[in-house]
Amino acid sequence: GCARDWDGLTCWPRATFGEVVKIPCPQFFEEFTSTHGKIFFYCFLQRNCTQEEYWSEPFPPYTIACGFDEGSSKGPEDQKSYYSAFWRVYTAGYAASVTSLITALIVFAAFRKFHCTRNYIHMHLFVSFILRAVAVFTKDAVLFADETMDHCLMSTVACKAAVAFFQFSILANFFWLLIEGIYLQTLLLLTFVSNKNFVWWFIFTGWGAPTAVMFAWVLTRIHQQNTGCWDDDENGVVLWIIKGPILLTVLINFIIFINVIRILVHKLKSQEGGGSHASHFVRLAKSTLLLIPLFGVHYIVFAFFPESTGLEARLYIELGLGSFQGFVVALLYCFSNAEVQTELKKQLCKWQHQEYLTFTHKHGALSRETSPVNYVTQLSLLDKISPKRRSSVLQDGVTTV
């Protein structure tokens, strides 16, 4: 018979001689063509296992069976070029995010002044963004680096681990975005939070909850849908184990965003003419309004729609904008922060002053060593301690005696 075959678009199961295999069109055709919501006569592809035990060409062709409109829709090669260009964009975005986030982590860790509850939470958020970027790179390298890879037969521990790590990083990132929103609201409500126990609860929630969800997802995958590399279409239970907590964090963060705006408006009205307190809340308002939309609030746009709804817009928002999200967060939390800029300027001035003192000291020592006066002084000293001179002086003394 004919072995299982990957034709570059879909996987054909094993078949016996003379058997005609019938499968539905791949779901992604509906997502990037004009077929969404339309009904076509052909919705299935067929292939025959011939006498030579070779697969026949699919009939009807993909363009007909899966609803390609040659006049208004892009062909497979155009789509491949489009997604390749998009891959370059989000790869550059994640690379920029990783670089800026690592730099921000070093800044917060190096200066003792920045060791506080607020920055500890920021640092964990940075780590979650870094993990997300690394997971994307790992998944692309394991699953899509080799274009000739047979996705029908690919079901290794490495590829499953890469997908599981990817899912964990997404979950952890959304949970830490939620924690940032909760902490900001706490600051607005209580004005001052000094209890460090908050940090441990945040850490436990930010990393513990995604770990528990991933443990449940992996067990469910193994026992109910242990197919491929765990990156295929998931059934209801498996899908909602991951999607449910993500939607919950997005929804809660959106509610927090609305509530934070309400609190800020109320406080700004009550503090009019309040001097430093008013200016404090103005600064807090600016930072909050800049940061909260980056805390996953933009994901609310497509959160409760099917995956096939507005695919191109979803790609731009969730991959294009999302890949640069870590860079923007690092910019707002660290590099645009006035305290960070002041501390970096102080450290830079300190380094420059130390370099100047080191240079002056070395230059002064070199000048003294090469000075003519110093040279004569050294000759005089050498002449005084010379053994020959000391012996002649002793001889003169004996003669005189």
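Residues numbered from 1 in each chain as written. Predicted model: local features only at pLDDT ≥ 70, side-chain atom pairs only at ≥ 80, totals over all residues. Heavy atoms only, no water.

## Observations regarding the overall build of the protein chain
And step 1. In terms of helices and strands, the protein chain carries 13 helices and four strands.
And step 2. With 401 residues in all, the protein chain has 37% of them scored as buried.
And step 3. In the protein chain, 68% of the contacts between residues at least 6 apart in sequence involve partners at least 24 apart.
And step 4. Summing over all exposed atoms, the protein chain offers an accessible surface of approximately 23,600 Å²; the carbon and sulfur share of this is 65%. (Helix = DSSP H or I, 4+ residues; strand = E, 2+ residues; numbered from the N terminus. Buried < 20%, exposed > 50% of the residue type's maximum accessible area, 1.4 Å probe, protein only. Contact = heavy atoms within 4.5 Å. Areas by Shrake-Rupley, 256 points an atom, 1.4 Å probe, with all protein chains shown as cover.)

## Regarding the pairing of strand S4 (residues 44-48)
And step 1. A one-sided burial pattern is seen for S4, the buried positions being Leu-45 and Arg-47 and the unburied ones Phe-44, Gln-46 and Asn-48.
And step 2. Sheet analysis places strand S3 (residues 20-24) next to S4, joined by five bridges and oriented antiparallel. Looking at the pairing, Val-21 lines up with Arg-47 of S4. (Pairing = 2+ DSSP bridges.)

## Things to note about the environment of Ser-100
And step 1. Turning to its location among the elements, Ser-100 is positioned in helix H3 (residues 76-110).
And step 2. The buried category is assigned to Ser-100, whose relative accessible area is 7%.
And step 3. Ser-100 sits 229 residues away from Val-329 along the chain, and the two C-alpha atoms are 9.3 Å apart.
And step 4. Other than its neighbours up to four places away in sequence, Ser-100 contacts Gly-326, Phe-327, Ala-330 and Phe-335.

## Brief notes about the UniProt feature "transmembrane region" (unreviewed entry) in the protein chain
And step 1. Here the UniProt-annotated "transmembrane region" (unreviewed entry) positions come out as residues 92-111, 123-145, 165-191, 198-220, 240-264, 284-305 and 317-336.
And step 2. Here residues 92-111 is 95% helix and 0% strand, with 29 Å between the C-alpha atoms at its ends.
And step 3. Across residues 198-220 one finds 100% helix and 0% strand; the C-alpha atoms that close the span lie 33 Å apart. (UniProt positions renumbered as here; feature names shortened; annotations may be inferred.)

## Description of the environment of Ile-246
And step 1. Note on placement: Ile-246 falls in helix H7 (residues 236-270).
And step 2. Taking C-alpha positions, Ile-246 is 6.5 Å from Leu-171, a pair spaced 75 residues apart along the chain.
And step 3. Excluding residues within four positions of it along the chain, Ile-246 makes contact with Ile-170, Leu-171 and Phe-174.

## Considerations on the nonpolar core
And step 1. Core analysis: the biggest nonpolar cluster contains 55 residues, and Phe-126 and Trp-217 have the highest contact counts within it.
And step 2. Only H3, helix H4 (117-143), helix H5 (157-190), helix H6 (197-224), H7 and helix H10 (325-335) provide two or more residues apiece to this core.
And step 3. Per-element tally for this core: the top contributor is H5, with 15 residues.
And step 4. With residues near it in sequence (within four places) discarded, Phe-126 still touches Leu-101, Ala-104, Leu-105, Phe-108, Val-329, Ala-330 and Tyr-333.
And step 5. In terms of nonpolar packing, the next biggest core, distinct from the first, is built from ten residues, Cys-2, Ala-15, Leu-45 and Cys-66 among them. (Core = buried A, V, L, I, M, F, W, Y, C linked by side-chain atoms within 4.5 Å.)

## Comments concerning the confidence of the model for the protein chain
And step 1. Counting all residues, the mean pLDDT for the protein chain is 75, and 63% of those residues have values of 70 or more.
And step 2. Across the protein chain, H4 holds the top mean pLDDT of 91, while helix H13 (residues 387-400) sits lowest at 47.
And step 3. Within the model, the stretch residues 34-41 combines pLDDT values under 50 with twelve contacts to residues more than four positions away or in other chains. (pLDDT = per-residue confidence, 0-100.)

## What about the packing of aromatic side chains?
And step 1. Considering all chains together, one arrives at eleven aromatic pairs under this definition.
And step 2. Ring plane angle 75° and centroid distance 5.8 Å describe the contact between Phe-108 and Phe-114, whose orientation is recorded as edge-to-face. Neither Phe-108 nor Phe-114 differs from the other in exposure class; each is buried.
And step 3. On the basis of an interplanar angle of 65° and a centroid distance of 6.1 Å, the ring pair of Phe-126 and Tyr-333 is categorised as edge-to-face. Here Phe-126, found in helix H4, pairs with Tyr-333, found in helix H10; they are 207 residues apart in sequence, far enough to count as distant.
And step 4. The ring of Trp-240 has Lys-243 sitting right over it, with the charged end atom 5.4 Å from the ring centre. (Phe/Tyr/Trp six-rings, centres within 6.5 Å; stacked < 30°, edge-to-face > 60°. Lys NZ or Arg CZ within 6 Å of the ring centre and 35° of its normal.)

## Describing the state of the cysteines
And step 1. As enumerated under the stated definition, the model contains two disulfides in all.
And step 2. Paired by a disulfide, Cys-2 and Cys-49 hold their sulfur atoms 2.2 Å apart. Note on the Cys-2 and Cys-49 pair: the S-S dihedral is about 95°, so by sign convention the disulfide is right-handed. You can see Cys-2 sitting in the segment before strand S1 (5-6) and its partner Cys-49 sitting in the loop between S4 and helix H2 (62-65), a full 47 residues away along the chain. (Disulfide = S-S within 2.5 Å.)

## Points about a nonpolar patch on the surface
And step 1. On the surface, Val-89, Phe-324, Phe-327 and Leu-331 cluster together into a nonpolar patch covering about 290 Å² of accessible area.
And step 2. Within the fold, Phe-327 resides in helix H10.
And step 3. Judged by relative accessible area, which is 34%, Phe-327 ranks as partly exposed. (Patch = residues over 30% accessible without salt bridge, like charges linked within 9 Å, V, L, I, M, F, W, Y side chains within 5 Å. Salt bridge = Lys/Arg side-chain N within 4 Å of Asp/Glu carboxyl O.)

## A few points about the pattern of salt bridges
And step 1. Under the counting rule described, the total for this entry stands at two salt bridges.
And step 2. One salt bridge connects Lys-113 with Glu-343, and the closest N-O pair in it is separated by 3.6 Å. Of this pair, Lys-113 sits in the loop between H3 and H4 while Glu-343 is found in helix H11 (residues 338-370), placing the two residues 230 residues apart along the sequence.
And step 3. The exposure class assigned to Glu-343 is buried, which follows from its relative accessible area of 17%.
And step 4. In this structure, Arg-118 engages Glu-339 in a salt bridge whose closest nitrogen and oxygen atoms are separated by 3.7 Å. Residue Arg-118 is found in helix H4, and its partner Glu-339 is found in helix H11; the two are separated by 221 residues along the sequence.
And step 5. Assessed through its relative accessible area of 29%, Arg-118 is described here as partly exposed.
And step 6. Classification of Glu-339 by relative accessible area gives partly exposed; the value is 39%.

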